[in-house]
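If you want the building blocks of each chain, they are given just below.
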Amino acid sequence: MSVTGSGVSDILGLIFVALFGLLMVVSRVLKQPRPGRDLRPLPALNRLRQAINLTVESGRRLHVSLGRGEIIHPRTAVAFVGLSAMQKLVEDTAVSDRPTIVTAGTGPLGILARSSLRSAYAAANQAGRYRATYGRVTGLTPFSYAAGALSVVRDETVAANFLVGSFGAEVALMTDGSQDDDTLTVAGTDNVVAQAILCASADEPLIGEEVFASGAYVGAGMLHGTSLLTQDIFRWLLIAAMVGGALIKMLGVW
Amino acid sequence: MVNEMNDTIRCPMCGKPNSADAEVCRYCHARLTPLQSSDVPLPGDPEINAEEPESALPAWMRDLRDESSDALPDVLPDEEPDLGLETETVLDADTSADASPGDALWRETTDDAEEEGLPDWLKSLGDDTIADAALLAAPEDEDTEDIENTEDIEDTEELSATVEESAPQAEDNLPDWLQADAAAEDDAVATFSREDESALPDWLAAAGEAESVSGAVASTGDDLPDWLRAEAGSVAEDASADREDDSALPAWLAEGKDAALETAAAAGLPLPQEEAPAPLEPGAEIFPGDIETEPAETYADLDALEPVNAAEFIEAAQPPQPFVEVDLPEDLLTETPDWLKLLSPEVEEDLETSEAEAMPALMGDVADAVLGDLPPWLEAMRPVEAMPAGGADEDAPVETAGPLAGLRGVLSLPESSLTRPENLGAVGGRLVVTDQQKRQVEALQTLLAEEFVPRAAADGKKAKMPSNVLRWLLGLMLLAAALAPFLIPSLRVPPPGDILPAALAAHQHVAQVQPGQPVLVGVDYSPGFTGEMESAALPVLDDLLTRGATLVFVSTQSTGPGLAVHLADRTVGAETSHIFNLGYLPGGMAGLYTFARAPRMVLADTPDGQAMWQTPALASVHHLDDFAMVVVITEDTATARAWLEQVRPVLSANTPLIMIISAQAEPLVQPYYETNPPQVAGIVTGIEGGTTYAAMDGKTSPARMSGQWSSYSYIVLAAVLLMTLAGLYNLAIGWKEARARREMPDDDDIIEDETS
Amino acid sequence: MKSPFATAVAMGVGLLVLVGYFVPVPVLAGLRLLLLQWAVILAGVALLVGMANLIQYHVENLRSKQNIGSVLLLASLGLTFMLTLYFSPQSAPVQWLFSAVLIPGSVALMALLVFTLAYAAVRLLRRRPGVFSVLFLGTAILILLGAVALPGIGSLPFISNTLRPWLAQVPAVAGARGILLGVGLGTVATGLRILLGSDRPYGE
């Protein structure tokens, strides 16, 4: 599925991916970044952590929504981040009186959500508390999914909403529903339109790639932190390439 | 060992004090007083006359009878409890082949003893040396409760082996080794009566045997073989070593020990040097060997004792009695140490009611009592003799008080560290409360009191009213704005004057489509965006259909085929022969990729089973590039990018790609139009684009488009107006609240104020 | 403990498709195409799985809470399914259901966004009063004004033909482009984590 079809771009792409992976692994060996020390503070995730602690104490629950990313689509990536972060959060709240509810907008995401929930409960030695209804598909179209998730937000004594995935404009309904019940909403997406909506309606929006950092901040896995470091390195490289290319173009060199 | 001060007896087994009247130790149930001979009445034996001539009794027994005859506590029950003891268990010996000769002897003797009592040689001996040996050689019987110390058993076994070999012999019934020493039997120092020995623990019996051995050695002297003489000497040494204070031993035992020493000395045996006994360590046990024995006269008195049937003795043996409360005589209290008196209940009551200043004085009295007046047992533990002669430091001061009085070189404590109560601060029950603590207590009390004070609940309805009213107002305004252009045509607004270049380009490309040419239309928007997307797409589709193009719908979304039919039904002049619906293309980007390269393979027929590719309109289409145009209708930028990335590469310059998108996606799709060469041939954006296109084309109903455009414009204007006014209002309130929050003291500031 | 077999399959398939994308070897290209076709089939089946998940939850909901919404959902789902099986997806009854029920319902929810977004924009200034909130709302208002025509005036000059296009194409697109680049990097990182077996959201 090459965009340009030329051999040079393929080779460059392969080098890019290989370097990225290598740097991720090497960074893991050299240094594991730690939130609060090596990673810049993200108030959204700090508030989420506080809210989760309060949900357990107050007898309410956490709601995680994974969006409606297709399984064979780049939008799936942010859903996977949501799954990893969700798994870690559910591990921490497995003993809560009210379990975490995970909603999804597509069938594959619903299956993955259940699988991750089961793993999280098993990791927390609470396998007996897992129920299949904790992970559910609320709708197969964008607005039906939003309406179903809205019913979870309003009716299931939710204290905090963690919306991380691929959303569209329908996310506004979900965030609006949480406003009336005084619940915290931390949301992030890869969709630019949804991000604009979340900036206005969510309590703590995750802008841009901050949603991809949520795994590192909640301690979802080994390589999450080093992925952030690698992303930062390549971001600087891209900035340099863009600025340099623009200068070269301006100067007429190339 | 009788404590003359308190009239208590120390148990020879465990060393714990018992009443002088007790016959068995109340802790370990060892016999405190030796059993009397047969002419001494046994408990529960009514036939025996207790009024025996006292001359037949040993002195110590006479003394005991005189002292305790009137005050003998009735600690022993009249009836003997049945413990289920069997004489056989005591008398059974190990019949295995590994049994020692002593065991065999025991078996020979005990069989007779069961029926006829002791054998004659044993009776004639007057002592029970063999019986003791047999007893000692007998296997450990768990029922013999007199034996408490297993170490003593091991010791006694060794001694018994020695005794077996060296015990004086009887006459003809005795084994040879015993017969050889039968002559020494008469002169041998009798140890104890058999009754006493069987009642005494084995260690004590062994000690008596040791004495008897030493006595036998003393009497026979030259008749003893050298090895026996050495053994007797060692036994004598053991008996005299680690001597305890005479006052701790029963009189009869102390006399026996002295007698053993005297006889050993008379026999010319080396006597152990008298050394000062090692100071007793706390918790040290007093072993039988530490106890001094009684003088010889005691043993001579025991010669007159007759042996007692073992079976009778065992029956008469008192089972261990449960602990019985005994009222101590009042005079015991007079012997209480002073320091103990101070802690009597009466004094404790006084302490509770007294003021705090009395405590130090009282504690001072206690300290003086402890330091100044030591109890005898503690006094005896003072290591005065242990100090080396001359002392380590003659210049060192001599300790004058306490257990170490008279000693030099004692580490002296500084005066301030002495635990004298008067040096301590006043330790009273008065709490010192600071002002801060008082404030905290008051705050806590206030909090607790407020818990029970009912508070009026907040009126939730009242709080929700403003937000609901605002929402209703917003809704009504927007609804009015939406309906007004349709209800009042004069309120309609003119169409957009400027035509966007992208829309113009799209119109130009559509104009190049020839009749009958197939056009691929990708319907990839969600049902919620139907209003905007239909407004944007219908003018383009109407233009295409009007030009005679064949529309082929395909969708990568599950709702796409239905939307395609809905869209097709709303076009102007639609003919079913010119519209085909390929249906749903699964797989997202992967599906697009494969469809772009092999459309016939991926979607062979329509969902209705119609062989679309065999129709004349599509017979020439084998690749995506064979289409005259590709039109993508979507509201999502990601979907638009997917079509651009997966389908555009397989399209040639002759097949333009037109995008009909929502206004929200325009900023991100516009750059694709502005590239060189442009990847998107034309863009029609939302209602504005559709209105503009319809105005250019003129095929879509102008009225409808005008109504939609006007309604859209009025709604947007209403929203802008509301947002501006309400926004300014909320901005003012928000700044005010933020200022109030900044002026409020922080939690940290409150804590600092309290602590300062 | 995650299944090692599932991890091995995920890693192997991912690496094959990735390498096959970059390395123009016929064998790899053929394998990649085959695997993608399998993925397409699975994606189609995933629709049914999603429907099954939906049914399972609402049946459980019906059993425990006797929720009327679950009753309606299950009834409508069953009715639509039966009609589509009996007739055809393109038949008139099914199309009528689609056009008369599904589309209007979705459009109605979409229309709610107008109130929701307007209300959220207004509350934004109260929740987070500041320069950026004012800038956010001001930009939104300018864009909206540039997109409409005033009665009697038509399009607003300068706003509709200069300011709005500049705002949409320069700051907005630039910001969006930067966000998309970051999202792209995050997507690469996420994909590589799955390829390396660090993230395993599949199976147990």
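Residues numbered from 1 in each chain as written. Chains lettered and ligands numbered in written order. Predicted model: local features only at pLDDT ≥ 70, side-chain atom pairs only at ≥ 80, totals over all residues.

Colleague: Give a detailed account of the overall build of chain B, specifying residues and quantitative values.
Modeller: Across its full length, chain B carries 31 helices and nine strands. Going through the 756 residues of chain B one by one, you find that 40% of them count as buried. Considering only contacts in chain B between residues 6 or more positions apart, those separated by 24 or more positions represent 73%. (Helix = DSSP H or I, 4+ residues; strand = E, 2+ residues; numbered from the N terminus. Buried ≥ 20, exposed ≤ 12 C-beta atoms within 10 Å, placed from the backbone. Contact = placed C-beta atoms within 7 Å.)

Colleague: Account for the nonpolar core, naming residues and giving values.
Modeller: By size, the foremost hydrophobic cluster in this structure holds 196 residues, and its most contacted members are V171 of chain A together with V519 and I660 of chain B. The residues contacting V171 of chain A, other than those within four sequence positions of it, are A146, L163, A187, T189, A194, I197 and L198 of chain A. I9, V24, A30 and L32 of chain B belong to the second largest nonpolar core, which has nine residues in total. (Core = buried A, V, L, I, M, F, W, Y, C linked by C-beta atoms within 7 Å.)

Colleague: I'd love a proper account of the pairing of strand β4 (residues 158-166) of chain A, names of residues and values included.
Modeller: Residues and elements named next belong to chain A. Of all nine residues in β4, nine are buried; the element is thus mostly enclosed. Where strand β1 (residues 61-67) and β4 come together, six bridges link them in parallel fashion. Within β4, the residue paired with R61 across the bridge is V158. The pairing of β4 with strand β5 (residues 184-189) spans six bridges and is classified as parallel. (Pairing = 2+ DSSP bridges.)

Colleague: Explain the interface of chain A and chain C to me, and be specific about the residues and the numbers.
Modeller: Listed per partner, the contact involves 59 residues of chain A and 48 residues of chain C. Of all elements in the fold, only α1 (7-30), α3 (76-92), α4 (107-123), β3 (135-137), α5 (142-155), α6 (171-180), α7 (192-201) and α9 (222-251) of chain A reach the threshold of two or more residues within the side of chain A that touches chain C. A total of nine residues in the side of chain A that touches chain C trace back to one element, the largest contributor, which is α4 of chain A. Residue composition of the side of chain A that touches chain C, by class: 32 nonpolar, 19 polar and eight charged. (Nonpolar A, V, L, I, M, F, W, Y, C, P; charged D, E, K, R; others polar.)

Colleague: Pulling in residues and values, what's your account of the interface of chain B and chain C?
Modeller: Across the contact, 53 residues belong to chain B and 47 residues belong to chain C. Looking at the side of chain B that touches chain C, the elements that each hand over two or more residues are α21 (460-487), α23 (530-546), α24 (560-570), α25 (589-597), α28 (666-674) and α30 (702-743) of chain B. Per element, the largest residue contribution to the side of chain B that touches chain C is 17 residues, and it comes from α30 of chain B. Of the residues assigned to the side of chain B that touches chain C, the class counts are 29 nonpolar, 20 polar and four charged.

Colleague: Quick rundown of the sheet that holds strand β7 (residues 629-634) of chain B? Include the residues and the values.
Modeller: Residues and elements named next belong to chain B. Strands sit in the order β6-β5-β4-β7-β8-β9 across an open sheet of six strands; the sheet is parallel. Edge positions in the sheet fall to β6 (579-584) and β9 (682-685), since each of these pairs with one other strand and no more. For this sheet, the mean angle separating the axes of adjacent strands, direction not counted, is 15°. The pairing of strand β4 (residues 518-524) with strand β5 (residues 550-555) spans five bridges and is parallel. Within β5, the position partnered with P518 by the bridge is T550. (Axes fitted to C-alpha atoms, helices over the stretch in contact; angles between N-to-C directions.)

Colleague: Lay out the environment of H623 of chain B in plain terms, naming residues and giving numbers.
Modeller: Assignment of secondary structure puts H623 of chain B in the loop between α26 (599-602) and β7. Residues H623 of chain B and A596 of chain B, spaced 27 residues apart in sequence, show a C-alpha to C-alpha distance of 7.1 Å.

Colleague: Account for the packing of helix α1 (residues 4-22) of chain C against helix α2 (residues 26-65) of chain C, naming residues and giving values.
Modeller: Residues and elements named next belong to chain C. Following both chains from N to C, one finds α1 and α2 inclined at 125°, their axes separated by 8 Å at the closest point. The angle between the axes of α1 and α2 places the two elements in the oblique class. Where α1 crosses over α2, the two elements pack in a sense that is left-handed. On the side of α1, the interface is formed by V13, L16, V17, V19, G20 and Y21, while α2 contributes L28, A29, L31, R32 and L35. Its residues placed into classes, the contact of α1 with α2 shows nine nonpolar, one polar and one charged. (Parallel < 35°, antiparallel > 145°, perpendicular 65-115°, else oblique. Left-handed = near helix turned anticlockwise from the far one by under 90°.)

Colleague: Break down the sheet that holds β3 of chain A for me, citing the residues and quoting the values.
Modeller: Residue and element names in this part refer to chain A. Read from one edge of the open sheet, six strands run β3-β2-β1-β4-β5-β6, paired in parallel fashion. Strands at the two margins of the open sheet, each flanked by one partner only, are β3 and β6 (204-206). Taking the axes of each pair of neighbouring strands and ignoring which way they run, one obtains an average angle of 15° across the sheet. As paired elements, β5 and β6 share three bridges and run parallel to each other. Paired with V186 across the two strands is E204, which belongs to β6. Most of the contacts of α4 go to β3, to which it runs at about 175°, and overall it touches β1, β2 (101-104) and β3. Sitting on the sheet, α5 is in contact with β1, β2 and β4, with an inclination near 165° to β2.

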